[in-house]
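# Residue-level structural notes
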Amino acid sequence: MVLIALIALCCAAPARAATTHGGAELDDFETSPLKWTTLARSSEHVYQGSYAGCWDDTVTHTSAALKDMTHDWSAYTHLVFWAYSEVASGAKLELVLDSNNDNDDSGWDYYASVITVDWTGWKQFMIAFSDFTEARVPAGWSQINYISFNSNGWDHTPVASTRLCFDDMYIFTSQLSFPQTFVNYTVPPGETIEFPMYLVNERSSASATVTLQIAATGTTTSGLSVSFVDSGSATVAVSSVAAGARVSKMMKIQATSSAAQGHSTFSLSTVVGGSVEVSITLYVSVVSTATTADRTHPFLFLSSDDVSSLKSKTDKYPWAKDYYDSILATARNALTADLSIPSDPLGWWTGYYTCDDGTDLVFNVKTPTQHYCKTEDKMYIGEPYDGCWIAIKHGRNMDYAQASALAYALTGNKTFATTAVNVLEAYARLYPSVPYSGFQGWDTLNVISGGRILSQTLDESGWIIDAAWAYDMVYSIMTTRQRVLVEYNLLRQTVVTIMRNDAGMSNWQSWHNGAIGVVGYAVGDDGLVNAAIDGTHGFKFQMKNSMLDDGFWYEGSIGYHFYALSAHEALAEAALLAGTNLYTLAVPKLSGTGTKTIELMYLAPLQITMPDLKLPAINDMHSTSMVSEESHYEIGYARFPSAKDDMTWAINKILAAGGSRINKEAFLQGGSVSGAAGNTLGSTYLSAAGLAVLRTNADDYLLAKFGPHGGGHGHYDKLSISFFSHGYNLIQDYGTVGYELPQHEEYFKRTLSHTCLQLDYARQPESSGAPIAIATGYGAAQLIAVRTTAPLGGAGTYGRRALLLLGNDTDIQSNELPLLVDVVEAYNNSNMEGHTCDLFYHSEGTLQLTGSSLSSFSGSLGSDVSYSYWTNVQKGSTSTALQAVWSDTAEYCYYFESYDEGWSNVVIDSSRKKDGTHSGRWDQHTTRTYISVTPTHTDWSAMQSLSFWLYAEVANGAIITMTLTSENSTSDGWDYFVTTINIDFTGWKLFSYQRDQFGRARHPVGWSYITDVTFNANGWGHEALATTVLYIDAFYLFDSTGTKLQGDVRGMMLLSPQQSTEKDVFTASAPSVPTSLRHPVYMERQTAEHRFTHLVKPYTSTTQYITQFTVSGEVVSIKTPVADYALSFASDFDCFSGVISDHSSGDLISVFEYGCAEFTHPEAPHFDVATRATNANPNVVVKPVSSSDSSVTLSVLVTNAVDDSTKDPVELTVYLPAHDGLSYFSVKIGGKNADIVAEDTSGDVCSVTFVAPASDTFATLVVALSDHEQNAAAGVSARGWLQVLAVATCLVAARC
């Protein structure tokens, strides 16, 4: 029977004599009566002396307190006590040290620490004062009024089975203390483990000298010994440790070859003047064999049977061969790489590894104390950067180990396996001795969320998943002792670290589950697997609660969505190979109706993907693209046959945009991709996520955000929008910068950084929203109308926003459209008087404002801290119409005058320049092996030649390969144009190429599609040379006449109408990401009016087409040379209607009406949800009537009132008035053609019967009467048609 080495961190013990600690006794629990409330004096469980104080009922008596004690604790550093627990109930207790401050009126002031009852028997608690958290402003350690243990409050719930006893409670000042709370090692017979034991002098002034002492506290397993390396004995002197310093002493655990299996316990103590000061427990287990799984390794993410198929895959698919080659190349590099563990193993949070402007520092394994920022061209030194370097080094070591293990699995080359085994064994020997630490290493010891070598259990989870896979792949060549060391001291110990921190509903716990489950599968531990899947906050819990019913991750950030998905995939893949399919596991929806699976997490991001495949940077995330998420859709394609078309579309689109299949997931699961690859994206409404997206057939895109806040990663931006048109972002969300920068909390999370509404100078509170009306589907007009469901400010003031997107239509010129009518309002049910509303618009380019004169403004914009991040503020006041234009030139050429041209690994430098004042420096070629840029213009068909200047500091013969990517989705592999450059010169040299001088790799699409320009220092048979230093300048493209290609002017136009009251307008320069970049922001501030109406459209250098934009009451009028728009937005946002007509002839183009109680136009249909159930005809959806028929009630919408629990498709009928020459019907639901069952156009009233799908979601119904059958079949409109749109919560009443 295999002995489990991870034993409980406690021990049963007989009563001991009183200890000598040199501190101040708080209570030894020997006197009668006890000085505590609630506790009872008892001799049943005693640690030392004759009595202890016991707490028998934590449910009825929820607090135990001591007031009669020493109150001045300022001379001491630690609180120490022993506690006995009968059961590990999991209850949480709040340990409170009252230090109420008479000078603080904000509330109760105290110090606090949380204790989890997760042990049995006696356990010593030694809590450094520095580890207590402060509540408000405590008076200080010189004024501790009382100490109390509390079983409720602080979100704690008493647990009936909890019974505790306390003994030997005192405070003292330690000379040296142990940062570890315990040490737990497993050793196989015949093995010796040496490890560091750390000590810290926490005193502020005096140095410390102690003796370290090891003593057995029970029966010791035969053949086992523990000693100090320096002395070879059980004691060692530690002298003159400076105040605030730390030191380590090496210890040695030795088990003879005949050592018996079993568990031994030792105390490790500091001794001063013959008295023990502090002690911790060392647990040592002797285990002879690793756990035997019931499968043959490898089996975790690939099996031995998979290896041959993977090898054949490399012959069939170039991308698979490229990945295979990259793994082997990494494994070969690992043979000579520095894979040592840093001597100081505590890694800091890597979020600190950033420049001041928010960009990442450049990691260099050779410079642990110097960290380069390329955007600022400077070195960062000291903490937190050195600590971050340690964490990155740990990750790099395990990356090499995993790649080496995979290379061994694929080739059988044991040299590769040896690399992986050595890394795993080195960490196994060290890991149990490293103390728990948080974001700041030694400064944040023993935090519950801390790992051992990484700063978070979150990060350590991903790290140990990699370790477990490496272990699985090299298991067969490991010795028995190596297997024991790695399983018990690394894999299982890391799981213990992780399981300390139950993170509940979170991406953290998702990664915890992945780590616990993957390790469980790797070592054959069903208990760990069950905890990962069925545990309180396991996989099933996360799928039900963290994945919203439409598939989005609850934190509202697409970055965290994919991050959590990666964790679920790790667990699901390991489970699948073990015979459990988590991909098809159905959990109940949060709505209480129906079930859902993880498949939704793959489909949800597709619904909000922008036309250029970028993803909106909502909530806490950085700008990203579907291109970087390709690997998920390899898994999705392999695991969800029913969604094959969607996964095919995603993969093909990603590849066409320059993405790659050269990744682990494609290598393991990928193959040929077949399925319908057409564009499946349409307008959509995601009710659980609170996101609505409108799209047009010209790739216009509008997103409105109004869903749940998103927890700690949410932003205060309800009713914010993003707008994409003509190939670029007009309005975008900037996400956020690194969490360590103050701008994260003070600017990017706050309302001011978003295109939305702010009330009374303060950021919005946490809130959510709800739809008023949503009309989706391709057509002349689409609508999003939403509101907040919680006040935006005082006096119950709410917000609402209506967005009417007038989209592209074959009858209206495309350069006139789209038009976005944006109506935003703050409202309440009483009085808006005295409230101030700010509305912000963020866009890119140079901002010019006409209609109001601006002057520099240096006053206060408001009390919210976010205003302070704006610079160059200008202010004007007017009641006249305004026009704001953001414009920029989309360049073909690169001038290297600023960082925002987008080149990676290039430093803008003024020491060398060929044109202008700067150039781009490219050095450190062995680590920055390339420079690259994604062109703003991908169509280079007008380019006949290109040129650029290079400056070389030394002529070293280095070969630079220049590639122009032109990815072809119909071919496998990387498609590009290519040429080479020989660095055989010094100074400046001009390079000029005709396009026919470039070579071709595979099958480039052509010069009309260039997605990447890269200069490569290695590859193609060439090695990067460390001595190469280059400068690049004046990268120009020329047409056939030799004229430099100039980009198009593009941007956004915002029109603000004339109004009766004056408003303040502001422009400013606002932070972008990185923060060194700025963009112009426009703000309107109103106090007399609280409704804002604007017209937003793309801006180009051609005619802008808007000849009139006016607002009168509820009516918005827009006139263009082609069309006239008469639009109505009801005062209560309960009715939206419009008529679009030909500007010249007045002929009707389209009529629409959403949610209105009465017709505003005789041609408009009408939905009246309130009366649907009373209509006699359950199959009538819409019944508009002519204006002359006054006898008919104009409120009819009723759908299938019969029981429809099966949700089968039903037939519905629409009635429309007849029009001369219009005799062909088209019906669309949610942008897709509906099946027409019958139609009648012979009378005064036409009718069409069609099939409504089995759906209970928002749907848009589009019915068109046409004069041509082909047009009707295509579902497009043309002049002379009548197109009618309507929106309903659902098409079938019984499903609503």
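Now for a look at the structure at hand. (Residues numbered from 1 in each chain as written. Predicted model: local features only at pLDDT ≥ 70, side-chain atom pairs only at ≥ 80, totals over all residues. Heavy atoms only, no water.)

### What to know about the packing of aromatic side chains
Cut-off, in case you're wondering: Two rings belonging to Phe, Tyr or Trp (six-membered ring only in the last case) form a pair when the distance between their centres is within 6.5 Å. Interplanar angles under 30 degrees mark stacking, angles over 60 mark edge-to-face geometry, and anything in between is tilted. Helical segments are the DSSP runs of H or I of at least four residues, strand segments are the runs of E of at least two, and each set is numbered from the N terminus. Relative accessibility decides the category of a residue: with a 1.4 Å probe and only protein chains considered, values under 20% of the type maximum give buried, values over 50% give exposed, and everything between is partly exposed. Comment: the charge-over-ring label is applied if NZ (Lys) or CZ (Arg) is within 6 Å of the ring centre and within 35 degrees of the ring normal.
By the definition in use, this model includes 66 aromatic pairs. Seen from their ring centres, Phe-81 and Phe-125 are 5.1 Å apart, and the 15 degrees between their planes marks the pair as stacked. Of the two residues, Phe-81 is situated in strand E5 (residues 78–85) and Phe-125 in strand E8 (residues 121–128); the sequence distance between them amounts to 44 residues. As far as burial versus exposure is concerned, Phe-81 and Phe-125 are alike and both buried. Arg-41 extends its terminal NZ or CZ atom over the ring of Tyr-51, reaching a point 3.5 Å from the ring centre. Over the ring of Tyr-146 we find Lys-67; its NZ or CZ atom is 5.6 Å from the centre of that ring.

### Topic: the pairing of strand E55 (residues 1078–1086)
Put simply, the test is: A pair of strands is considered paired only if DSSP assigns at least 2 bridges between the two.
Counting buried positions along E55 yields eight of nine residues, so the element is predominantly enclosed. In this sheet, E55 lies alongside strand E38 (residues 837–842) in antiparallel orientation, the contact comprising six bridges. The residue bridging Cys-837 from the neighbouring strand is Gln-1086, located in E55. Sheet topology places strand E54 (residues 1063–1071) next to E55; eight bridges connect them, and they run antiparallel. What sits directly across from Ala-1068, in E55, is Val-1081. Turn length for the E54-E55 hairpin, with the two strands adjacent in sequence and antiparallel, is six residues.

### Brief notes about the sheet that holds strand E29 (residues 691–695)
Basically, it comes down to this: Interaxial angle, 0 to 180 degrees, is taken between N-to-C directions of lines fitted to C-alpha atoms, where a helix line uses only the stretch in contact. Throughout, a residue-residue contact means that at least one pair of heavy atoms, one from each residue, lies within 4.5 Å.
Read from one edge to the other, the open sheet built from five strands follows the order E28-E29-E30-E31-E32, with strand pairing classed as antiparallel. Because the sheet does not close on itself, it has two edges, and the strands there are strand E28 (684–686) and strand E32 (728–731). Strand-to-strand twist across the sheet, computed as the mean angle between neighbouring axes with direction ignored, equals 15 degrees. In terms of strand pairing, strand E30 (residues 701–705) meets strand E31 (residues 720–725) through five bridges, oriented antiparallel. Bridging from a neighbouring strand, Leu-703 pairs with Ser-722 of E31. Here helix H11 (residues 599–608) sits on the sheet and contacts E28, E29 and E30; the angle it forms with E29, its principal contact strand, is near 55 degrees.

### Quick notes on the side chain of Thr-1014
In this fold, Thr-1014 is placed in strand E51 (residues 1012–1016). Thr-1014 has contacts with Tyr-930, Ile-931, Ser-932, Thr-961, Met-962 and Thr-963, leaving out every residue within four places of it along the chain.

### Notes on the pattern of salt bridges
Here is the rule: Note on definitions: salt bridges are taken to be side-chain nitrogens of Lys or Arg within 4 Å of carboxyl oxygens of Asp or Glu.
In this structure the tally under the stated criterion is 35 salt bridges. One salt bridge in this structure joins Arg-481 and Glu-425, with 3.1 Å as the shortest N-O distance. Here Arg-481 is found in helix H6 (residues 480–499), whereas its partner Glu-425 is found in helix H4 (residues 414–430), with 56 residues between them in sequence. Taking relative accessible area as the criterion, Arg-481 reaches 31% and is therefore assigned partly exposed. A salt bridge links Arg-492 to Asp-525; its shortest N-O distance comes to 2.8 Å. In this pair, Arg-492 sits in helix H6 while Asp-525 sits in the loop between helix H7 (507–523) and helix H8 (526–534), placing the two residues 33 residues apart along the sequence. Each of the two residues, Arg-492 as well as Asp-525, counts as buried. Each of Asp-377, Asp-909, Arg-921, Asp-923 and Arg-928 takes part in one network of salt bridges that share partners.

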